[in-house]
Amino acid sequence: MPASSSVTSPASALAVQALYQDHHSWLVALLRRRLNCPHGAADMAQDAFVRVLVRPDALPELREPRAYLTTIARGLLHDHWRRRSLEQAWLDTLAALPEHLAPSPEDTLTIRQTLQQLDDMLGRLAPKAREVFVLSQLQGLGYAQIAAQVGIGERTVKRYMAQGFELCLALME
Amino acid sequence: MKRMDDATVIRQAAQWLVRLHSGQAGADDWAACARWRAAHPAHEQAWQKAERLSQRFGAVPPALGVPVLTRHIANRRAVLRMLTVLGLAAPAAWLGWRHAPWQNWTADYATATGEHREVTLADGSRLTLNTGSAVNVAWSDTERLVRLERGEVYVRTAPDTAAAPRPFVVETPQGRLRALGTRFTVRLQPAGNDAPATTQLSVLEHRVEATPRSGGTARIVKAGQAVQLTAMQVEAPQPHTADAPGWTQGVLYADAMELGDFVAELSRYRPGVIRCAPEVAGLRISGAFQLADTDYVLAMLRETLPVQVVLRTRWWVTVVPQGTVPDPG
């Protein structure tokens, strides 16, 4: 289990335990409604509590534990749907690709994994910013071309690019 | 406090990247960025992240990556159609990173994959850059320094015309090679799975003094000898032909070379990926092969060895045992 060293303090350990006892089944029920899958819901609730454990500093001043858990759960659900839609878009795109462009099976696997990493990194960018960033970094377009294609000013393109690079650099290990 | 510093450096790195990716950046932009990188170790560290990011993007063909990563956009179908139309052009762009545009831009002389280039320096010394290579030239009052950043270079030095003759030195990440009046080749070998990065020095005429970066024992390498350099040491010299390397004539000579090595060598001269299946990697091949036409070389493999060459695309080539996949005819 990932846990930061500060978790060892008895006060926050107790706080997490209390949070778990009081709200675990409530959270599972909430996630089950959204996911339509009991096992997935239990797993995701587990993930949510792991996130609480990793950031115990937020616990002491927690007045609305359910609001806090809901926020975490929303983030997890968002990731979940994003991965689902990635899978779908990946399959659609592969199917639509002309045969002479199709990668070999082993390359397909590598590309799929890399795309997952990139998608996770870009997940926090606004849709327009994401589009701009991808057109630059994958398609290799210059800012003037991107501005024309997306229908925004070049200054905005630059701002989006800065956001994208900052986010990605911060997330690169 | 530390965290805030990191954030500042990352913001600066991001600003440099924004500038360099505009599509209008010139050599002076790259030079300015190189100065920023050199100004502080933290800058260089952030830049390494940028390079890894660039490689990550480079590993994805745009025809696949763009539709998937911009799938939330309503006109996704339109994007998909557009890419299908662009289809053939797209993979060429994603191969960009193998040519390492970062290094090419900042280097004084560079070649793309499959390209050769001959350069005459201010003192009359000549460099021939092999495929996918980059060098920087740093002349000073005390030495004529050539930094090999990537790839392979064939050096023919000329005597220095300065009043106090300066030594001619080739520097690599592994060490320094001081020419003692001479012809030699230097090749960088990137780190492999279980092998560290090395420099290979082959001397064709006279001698070269090789000193590892760590400051370990220097070794004099004579004509007809080749050595490997790591940052820690210069290994024992091996006998080596004193002929000019085949690639300077655009030829790859193989003398009972293992097919796996042959394919790896060939892949240096061809954009994209060539792989060799392990079942056939041990087959031996001999001959002189024209590097200008790697398609023909690949076709020759089929004629001379029990292998099949599978071209999934122009850029994805696999050499497999004969009969692995049905032959299209």
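What you see is a predicted model; the values in this text were computed from it and never measured. (Residues numbered from 1 in each chain as written. Chains lettered and ligands numbered in written order. Predicted model: local features only at pLDDT ≥ 70, side-chain atom pairs only at ≥ 80, totals over all residues.)

1. Re the overall build of chain B
Alright, step 1. From N to C terminus, chain B includes 9 helices and 17 strands.
Alright, step 2. Looking at chain B as a whole, 32% of its 329 residues are labelled buried.
Alright, step 3. Expressed as a percentage of contacts within chain B between residues at least 6 apart in sequence, the contacts between residues at least 24 apart total 48%. (Helix = DSSP H or I, 4+ residues; strand = E, 2+ residues; numbered from the N terminus. Buried ≥ 20, exposed ≤ 12 C-beta atoms within 10 Å, placed from the backbone. Contact = placed C-beta atoms within 7 Å.)

2. A short note on the interface of chain A and chain B
Alright, step 1. Each partner contributes to the interface: chain A provides 43 residues, whereas chain B provides 43 residues.
Alright, step 2. Among the secondary structure elements, those contributing two or more residues to the side of chain A that touches chain B are α3 (65-96), α4 (105-122), α5 (127-137), α6 (143-150) and α7 (154-171) of chain A.
Alright, step 3. Tallied by class, the residues present in the side of chain A that touches chain B amount to 25 nonpolar, 12 polar and 6 charged. (Nonpolar A, V, L, I, M, F, W, Y, C, P; charged D, E, K, R; others polar.)

3. Some remarks on the environment of V52 of chain A
Residues and elements named next belong to chain A.
Alright, step 1. Assignment of secondary structure puts V52 in helix α2 (residues 38-54).
Alright, step 2. A C-alpha to C-alpha distance of 9.4 Å links V52 and L19, two positions 33 residues apart in sequence.
Alright, step 3. Once residues within four sequence positions are removed from consideration, V52 is found in contact with V16, L19 and I72.

4. A few points about the nonpolar core
Alright, step 1. Ranked by internal contacts, the top residues of the largest apolar core, which has 42 residues, are V132 and L169 of chain A together with A13 of chain B.
Alright, step 2. Broken down by element, the residue count for this core peaks at 7 residues, all from α7 of chain A.
Alright, step 3. Once residues within four sequence positions are removed from consideration, A13 of chain B is found in contact with L169 of chain A together with A46, W47 and A50 of chain B.
Alright, step 4. In this structure, Y154, V186, V203 and V221 of chain B belong to the second largest nonpolar core, which totals 25 residues. (Core = buried A, V, L, I, M, F, W, Y, C linked by C-beta atoms within 7 Å.)

5. Details of the environment of Y253 of chain B
Residues and elements named next belong to chain B.
Alright, step 1. Tracing the chain through its elements places Y253 in strand β13 (residues 251-258).
Alright, step 2. Judged by C-beta crowding, with 15 C-beta atoms within 10 Å, Y253 ranks as partly exposed.
Alright, step 3. Taking the C-alpha atoms as reference points, Y253 and F289, 36 residues apart in sequence, are found 6.4 Å from one another.
Alright, step 4. Setting aside chain neighbours within four positions, we find Y253 in contact with G246 and A288.

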